[in-house]
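This is what each chain is made of:
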Amino acid sequence: MGLEPITDENVAAVCDLEVAPDQKRFVADNVWSLAEAYANYAHAWPRAIVRDREVVGFLMLEIDLDDEDGRPYWLWRLMVGRAHQRQGIASAALALAFEKIRSRGGTSIHTSWVPGDGSPERFYLGLGFEPNGEMDDGEVVARLSLAGTST
Ligand SMILES: CC(C)(COP(=O)(O)OP(=O)(O)OC[C@H]1O[C@@H](n2cnc3c(N)ncnc32)[C@H](O)[C@@H]1OP(=O)(O)O)[C@@H](O)C(=O)NCCC(=O)NCCS
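So, here's what we can say about the structure.

Neighbouring residues of the ligand: 19 residues in total, closest Phe-26, Gln-85, Ala-90, Ser-91 and Arg-122. Looking at the shell around the ligand, the elements that each hand over two or more residues are β4 (73–80), α3 (89–103) and α4 (121–127). For the shell around the ligand, the residue count by class is 11 nonpolar, six polar and two charged.

As structure tokens, then:
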């Protein structure tokens, strides 16, 4: 399992990845995410999730050490192709991303999710993300401490 930069070789596979139809409302298409990454190139960290040389998912961090809310690391996008879900891929990919953040001295990460039926809420709570009581554009905002043990 690895996180690889988006390249000419893997970009088509990233764009072809799809979640299940009833999950589409929880995450943007990867094509859209890559457009946002291009427009926010100074802060976006988009990566293909690759297992056995196959692109199986996509994640994107927003890294802004000068973030005015004091949240330098934000999990901006995460998805695993529908055929590859529930195999531990997202958990393993996030563990790699968290190691990267720790290696840069980061001690926490924030994210947000759309609540409701089929929401990834249980996934995030299982990882230890704690809602902080805020809502952002209808999404639950949560924080995960990365201090201490490395997973
Ligand atoms: C959320 C998502 C990234 C999880 O990817 P995954 O590789 O299947 O996750 P994992 O296999 O690492 O799951 C670990 C645990 O999280 C929980 N979990 C995973 N996906 C879940 C879901 N969709 N709903 C509820 N719980 C879920 C389960 O407890 C799972 O353990 P189990 O399979 O042993 O029961 C994937 O379902 C997805 O791409 N969903 C659509 C897009 C989305 O919602 N992205 C998040 C945007 S904020």
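An α-helical turn contains 3.6 residues, so any two residues separated by three or four positions project in the same direction. Within helix α2 (residues 30–39) the residues assigned to the buried category are Asn-30, Ser-33, Leu-34 and Ala-37. Buried residues of α2 fall within an arc of 100 degrees about the axis and therefore sit on the same side. Seen from the open side of α2, the exposed residues pointing more than 90 degrees away from its buried face are Val-31, Trp-32, Ala-35, Tyr-38 and Ala-39. Each element contacted by the buried residues of α2 is listed here: α1 (11–16), β2 (44–51), β3 (54–63) and β4.

Cut-off values and rules
Residues numbered from 1 in each chain as written. Predicted model: local features only at pLDDT ≥ 70, side-chain atom pairs only at ≥ 80, totals over all residues. Near = placed C-beta within 6 Å. Helix = DSSP H or I, 4+ residues; strand = E, 2+ residues; numbered from the N terminus. Nonpolar A, V, L, I, M, F, W, Y, C, P; charged D, E, K, R; others polar. Buried ≥ 20, exposed ≤ 12 C-beta atoms within 10 Å, placed from the backbone. Arc of directions from axis to C-beta. Contact = placed C-beta atoms within 7 Å.

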